[in-house]
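Each chain, written out:
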Amino acid sequence: MATDTTAGRLVFLSEDGLPVWDIDYDEARPTGLSLSPDGTQVAVTLRDGTLALYELQLSSRLSLLSNEIALSEARRTVESGNLGAALKLLRERLEDAPGDLECAELLRETLQTFTTRMLHEAQAAEAMGDWEAADTSLALAQSEAPYDAALAAEHAALRTRWYTDALVRGKAALAREDAPASEALFLEAIGADPLQHEAREVLVEARKAAASSAIELG
């Protein structure tokens, strides 16, 4: 959309990005078009010598859609299973049209479906011992719902379980004198919960054991 600063008239661009001018004079026709370097203003010269200056105010495609069309497009995206794209579309729509209550409700429902899906994926990954995949699923859910306290608590609990699992396996590896494996597991534990100190303490032990073994071999 462009605003005519000389007459306060609204001018729209076509789908191809071409200007659709609204001129008051029967004999006047555009003869020249000039765009400012920053793309914010357009100057138009007319056949009668008039110079019109326009200020460009770009709007997103979604802001120009009716509530029904925007909602239909969002629902199709949800039904396709691409919930991430649907959330993005709905948020963009509501940013341009904050009063669209139907889209707001669909956003709430879609967000709930998305977080539930990510929780199930995290649980399945944890059951298989794939802590990194489980963490990634919950991190994605949190990125979409950063103010969900229950989700944040579940993510923190997952990190604690990951830490404990890596620490226990690391100690077992250290007990069987597998220094490289124990060091890797202690580092994994530290990555899962950097604020816990036990993994750092046993990591020192593992590295000392590896150094002693190397000296003996030497």
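Reference entry: report on the structure contained in this document. Every value quoted in this text rests on a predicted model; they were computed, and no experiment measured them.

Consecutive side chains along a regular strand alternate between the two faces of the sheet. Taken across its six residues, strand β4 (residues 30-35) has zero buried, putting it largely on the surface. Both β4 and strand β5 (residues 41-46) contribute to a ladder of five bridges, which runs antiparallel. Residue pairing for β5: S34 is matched across the bridge by A43.

Here we come to the pattern of salt bridges. Counted by the stated rule, this structure contains 11 salt bridges. The salt bridge involving R108 is made with E105; its shortest N-O contact spans 2.6 Å. Here E105 and R108 lie together in helix α3 (residues 101-127), a separation of three residues that amounts to about one turn. Judged by relative accessible area, which is 46%, R108 ranks as partly exposed.

Core analysis: the largest hydrophobic core is formed by 34 residues, its most contacted members being L90, Y163, L167, F186 and A199. Residue assignment for this core shows that the elements contributing at least two residues are α1 (67-79), α2 (83-96), α3, α4 (131-144), α5 (149-175), α6 (179-192) and α7 (198-217). Looking at which element gives the most residues to this core, the answer is α3, with eight residues. Excluding anything up to four places from it in sequence, Y163 contacts A189, A192, D193, Q196, H197, E198 and A199. Core analysis: the next-biggest nonpolar cluster, separate from the first, contains five residues, V42, L46, A52 and Y54 among them.

Our focus in this paragraph is the environment of Q196. Mapped onto the elements, Q196 comes out in the loop between α6 and α7. For Q196 and Y163, which are 33 residues apart along the polypeptide, the C-alpha to C-alpha distance reads 8.7 Å.

We note that E177 has phi near 65 degrees; this positive angle belongs to a residue other than glycine. Following the sequence through the fold, E177 ends up in the loop between α5 and α6.

Examined against the element boundaries, A152 turns out to sit in helix α5. The sequence separation of A152 and A139 amounts to 13 residues, and the corresponding C-alpha distance is 9.1 Å.

Turning to α1, a few remarks are in order. Here α1 contains 13 residues, and its C-alpha end-to-end distance of 18 Å stays within 8% of the 18 Å for a straight helix at 1.5 Å per residue. The complete set of buried residues in α1 reads A70, L71, E73, A74 and T77. Buried residues of α1, viewed axially, fall in a sector of 160 degrees; they line one side. Facing away from the buried surface of α1 by more than 90 degrees, the exposed residues are E68, R76 and E79. For α1, the secondary structure elements touched by its buried residues are α2 and α3. Backbone geometry just after α1 places G81 at a positive phi near 95 degrees.

Rules used in this analysis
- Residues numbered from 1 in each chain as written.
- Predicted model: local features only at pLDDT ≥ 70, side-chain atom pairs only at ≥ 80, totals over all residues.
- Heavy atoms only, no water.
- Buried < 20%, exposed > 50% of the residue type's maximum accessible area, 1.4 Å probe, protein only.
- Helix = DSSP H or I, 4+ residues; strand = E, 2+ residues; numbered from the N terminus.
- Pairing = 2+ DSSP bridges.
- Salt bridge = Lys/Arg side-chain N within 4 Å of Asp/Glu carboxyl O.
- Core = buried A, V, L, I, M, F, W, Y, C linked by side-chain atoms within 4.5 Å.
- Contact = heavy atoms within 4.5 Å.
- Expected span 1.5 Å × (residues − 1).
- Arc of directions from axis to C-beta.

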